[in-house]
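# Results of the structural survey
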Amino acid sequence: MSASLADCLVVAISSRALFDFEEENQLFEAADDRAYMALQQERLQQAAKPGIAFSLVKKLMAFNQDRQRVEVVVLSRNDPISGLRVYRSAEQLGLPILRGVFTRGREPWRYLKPLHAQLFLSANEADVREALAAGVPAARVFPATAQASDAHPDELRIAFDGDAVLFSDEAEQVYQRDGLAAFQAHEQHRVHEPLPPGPFKPLLAALQALREQGDRPGGMRVRTALVTARSAPAHERAVRTLMSWNIEVDEAMFLGGLAKGEFLREFEPDFFFDDQLGHVHNAAPHVPAGHVASGVANALR
């Protein structure tokens, strides 16, 4: 029988999201892939430094203590030779990554569907947008973002924005078109009507399943947070939507437009997802953060 990933949370990640390849990437961006390949081959025995999503991946893979629950696949524009260094670095840093797809500069997002990926992280904006268009939760990482805290080694912590991330951008469209008062009235009028799901609802549901399977004494735990610019009275529809999905979050922050960075610093997530670049840049000095290029706010860019 062929192998299957049907029962796993599948995370696809680019090499630059997993490891710090910024020095090497300067050659790649200069369209000199031969020089890039030569440098990676020269450094084959030198483990790369952890990248922005390393903590996230390490903790996800820690759920596999008694059986396979999470599969991490490297999905990269790197060439196969450079892929050797990715595998060597993963092995040296204790990540048992078995699968990888290396496309030597071509679009790797096409392989997300056959992988049944439920998350894709990449530093390439075009690949992230294509993944989102294909229905895969995806975020662009920024290598200069802060590394995750090591204060919670036994707890996977992930924070999500609401509109255009967990939820659709239905309400955000009202805000962009008609302003805050219209947005609040819209949400109050529809308080008992669940919001349509956004691109990251499947990931939150997968984390809920991982929580239910993995929460046990001595095992990895999941802690999630909703961190949104909503405030009362628009908060209620968001909570009721999660209730209708039978999905729990551990913390909810209704910030009414306050900057999110310092609140995220206190929550200490392994990753934060937001559709607004301003929120991502505000969070970046404090926590690993990724931009979800979905919804009306990104259509305007």
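Look up: the structure comes first, before these words.
## Digging into unusual backbone geometry
Ala-232 connects to Pro-233 through a cis peptide bond whose omega is 10°. Mapped onto the secondary structure, Pro-233 falls in the loop between strand S9 (221-228) and helix H11 (235-244).

## Looking at the pairing of strand S1 (residues 9-13)
Among the five residues that make up S1, five are buried, leaving the element largely enclosed by the rest of the structure. Judged from the five bridges that link them, S1 and strand S4 (residues 70-76) form a sheet pairing that is parallel. Among the inter-strand pairings, Leu-9 is bridged to a residue of S4, identified as Val-70. Both S1 and strand S6 (residues 119-122) contribute to a ladder of three bridges, which runs parallel. Looking at the pairing, Ile-13 lines up with Leu-121 of S6.

## Details of the sheet that holds S6
Backbone-to-backbone hydrogen bonds pair the strands of a sheet. The strands run either parallel or antiparallel. Overall, mixed pairing links the 10 strands, which are arranged S5-S4-S1-S6-S7-S12-S11-S8-S9-S10 in an open sheet. Every other strand in the sheet has two partners, leaving strand S5 (99-102) and strand S10 (251-254) as the edge strands with one partner each. Geometrically, the sheet is characterised by an average inter-axis angle of 25° between neighbouring strands, direction not taken into account. Against the sheet, helix H4 (residues 54-61) touches S1, S4, S6, strand S8 (155-160) and strand S11 (271-274), its axis set at about 125° to S8.

## Topic: the layout of surface pockets
Its boundaries defined by the atoms lining it, the largest pocket holds a volume of some 350 Å³. In terms of lining residues, the largest pocket is bounded by 19 residues, among which Glu-172, Tyr-175, Ala-229, Arg-230 and His-279 are the most central. Broken down by secondary-structure element, the contributors of at least two residues to the lining of the largest pocket are helix H8 (170-178) and helix H9 (180-189). The class makeup of the residues in the lining of the largest pocket is five nonpolar, eight polar and six charged.

## Some details on the packing of aromatic side chains
Applying the stated criterion across every chain yields a total of eight aromatic pairs. Between Phe-19 and Phe-54, the aromatic rings sit 6.4 Å apart at their centres with planes inclined by 45°, giving tilted as the arrangement. Remark: Phe-54 occurs in helix H4 and Phe-19 occurs in strand S2 (residues 19-20); sequence separation between them is 35 residues. Here Phe-19 matches Phe-54 in class, with each residue buried. Summarising the aromatic geometry, the rings of Phe-200 and Phe-273 are spaced 4.7 Å apart at their centres and angled 40° between planes, so their arrangement reads as tilted. In this pair, Phe-200 is assigned in the loop between H9 and helix H10 (201-214) and Phe-273 in strand S11, connecting sequence segments 73 residues apart. Summarising the burial analysis for this pair, Phe-200 and Phe-273 share the class buried. Three or more aromatic residues joined by ring pairs make a cluster, and in this case those are Phe-160, Phe-200, Phe-271 and Phe-273.

## Side note on the nonpolar core
Leu-9, Leu-18, Leu-121, Phe-160, Phe-200, Leu-207 and Phe-273 are the most contacted members of the largest nonpolar core, which totals 68 residues. Discounting chain neighbours no more than four positions away, the residues touching Leu-207 are Leu-9, Leu-156, Ile-158, Phe-160, Val-222 and Thr-224. Counting residues in each nonpolar core, the second largest holds 13 residues, with Phe-142, Val-227, Met-253 and Ala-289 among its members.

## Some thoughts on H11
Looking at H11, one finds that the buried residues are Arg-237, Ala-238, Thr-241 and Leu-242. For H11, the arc enclosing every buried residue in end-on projection is 135°, short of the 170-degree limit, so these residues lie on one face. Within two residues after H11, Asn-246 carries a phi angle of roughly 60°, on the positive side.

## Some thoughts on the pattern of salt bridges
A complete count under the given rule lists 19 salt bridges for this structure. Put simply, Arg-237 and Glu-187 hold a salt bridge, and the shortest N to O gap is 2.9 Å. Residue Arg-237 is found in helix H11, and its partner Glu-187 is found in helix H9; the two are separated by 50 residues along the sequence. The pair formed by Arg-237 and Glu-187 is uniform in burial state, with each residue classed as buried. The salt bridge partner of Asp-250 is Arg-211, with a shortest N-O separation of 3.1 Å.

Procedures and definitions
- Residues numbered from 1 in each chain as written.
- Predicted model: local features only at pLDDT ≥ 70, side-chain atom pairs only at ≥ 80, totals over all residues.
- Heavy atoms only, no water.
- Helix = DSSP H or I, 4+ residues; strand = E, 2+ residues; numbered from the N terminus.
- Buried < 20%, exposed > 50% of the residue type's maximum accessible area, 1.4 Å probe, protein only.
- Pairing = 2+ DSSP bridges.
- Axes fitted to C-alpha atoms, helices over the stretch in contact; angles between N-to-C directions.
- Contact = heavy atoms within 4.5 Å.
- 1 Å grid on protein atoms, 1.4 Å probe; cavity = no way out; pocket = protein on both sides within 12 Å on 5 of 7 lines; lining within 4 Å.
- Points joined across faces, edges and corners; volume = space filled by probe spheres on them.
- Nonpolar A, V, L, I, M, F, W, Y, C, P; charged D, E, K, R; others polar.
- Phe/Tyr/Trp six-rings, centres within 6.5 Å; stacked < 30°, edge-to-face > 60°.
- Core = buried A, V, L, I, M, F, W, Y, C linked by side-chain atoms within 4.5 Å.
- Arc of directions from axis to C-beta.
- Salt bridge = Lys/Arg side-chain N within 4 Å of Asp/Glu carboxyl O.

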